[in-house]
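# Structural characterization, general
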Amino acid sequence: MLVMSSPSGAGKTTLSRRLLALDPQIELSVSVTTRAKRAGEVDGRDYSFISREKFAAMRDGGALLEWAEVFGNYYGTPAQPVETALAEGRDVLFDIDWQGTQQLAEKMADDLVRIFILPPSADELAARLKRRAQDPAEVIAERMAQAAAEISHWPEYDYVLVNRDIEACEKEIVAILRAERLRRSRRKGLGSFVRDLQAEL
Ligand code: 5GP
């Protein structure tokens, strides 16, 4: 389980799309949300856009692995697709905030790798939010104010990257993923390989 968190506008969505295109072994956990769909977003690909009633029913019925309220909307991770992917040996990428990351860490710490993405500067963050131009001005202002609160959670992550250049940042994420997959605890079949090797010595 690879989590990427960041303040809105740090480039996390672009980075996660690039990683998914690059690596067929990892798939995105598509969250459910009660927020309105932005232009260009596709229901079922970027999010499943659902009503507040449906969200409450999923949350109360135990169908969400984690959930949080962000900017007055609800977001959550449906448990079933993640459990299926993990059971079948596939990796899962999560684009979730610090609240959700804490909940995953409480439930499944051994399976979790957490990356936090920082913008290179406050000016660049503001410029990126404006360039996106999909949200009304008051939402952009609120997101800038929220960035400081989000960033305060950086020590809760295993890796913290500064997104100065999208290609360099992508390379760092690929390196993290590769190293984490090579951890002894994640190498299925390594124990029996070593035992066979020892038996032949
Ligand atoms: P946005 O509305 O810009 O797509 O997302 C706002 C924030 O909600 C982002 O920080 C994003 O990572 C977070 N988020 C998206 N889906 C989930 C989720 O399922 N759970 C949690 N906890 N946060 C989420």
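Thresholds applied
- Residues numbered from 1 in each chain as written.
- Predicted model: local features only at pLDDT ≥ 70, side-chain atom pairs only at ≥ 80, totals over all residues.
- Heavy atoms only, no water.
- Near = heavy atom within 4 Å.
- Polar contact = N/O pair within 3.5 Å; in protein donor to acceptor, adjacent residues only side chain to side chain.
- Helix = DSSP H or I, 4+ residues; strand = E, 2+ residues; numbered from the N terminus.
- Nonpolar A, V, L, I, M, F, W, Y, C, P; charged D, E, K, R; others polar.
- Axes fitted to C-alpha atoms, helices over the stretch in contact; angles between N-to-C directions.
- Parallel < 35°, antiparallel > 145°, perpendicular 65-115°, else oblique.
- Left-handed = near helix turned anticlockwise from the far one by under 90°.
- Contact = heavy atoms within 4.5 Å.

## Examining the site of the ligand
Taken together, 18 residues are adjacent to the ligand, and Ser-31, Arg-35, Tyr-47, Glu-66 and Tyr-75 come closest. Measuring from an oxygen atom of the ligand, one finds a side-chain N or O atom of Arg-35 at 2.6 Å. Elements that contribute at least two residues to the shell around the ligand include exactly β5 (64–70) and β6 (73–78). In terms of residue class, the shell around the ligand is made up of six nonpolar, five polar and seven charged.

## Looking at the packing of helix α1 (residues 12–22) against helix α7 (residues 166–181)
Put simply, α1 and α7 touch, their axes get as near as 10 Å, and they point 55 degrees apart. Between α1 and α7, the angle falls in the class oblique. By crossing handedness, the relation of α1 to α7 is classed as right-handed. In this structure, α1 contributes Thr-14, Leu-15, Arg-18, Leu-19 and Leu-22 to the contact, and α7 contributes Ile-166, Glu-167, Cys-169, Glu-170, Ile-173, Val-174 and Leu-177. The residue makeup of the contact of α1 with α7, split by class, is eight nonpolar, one polar and three charged.

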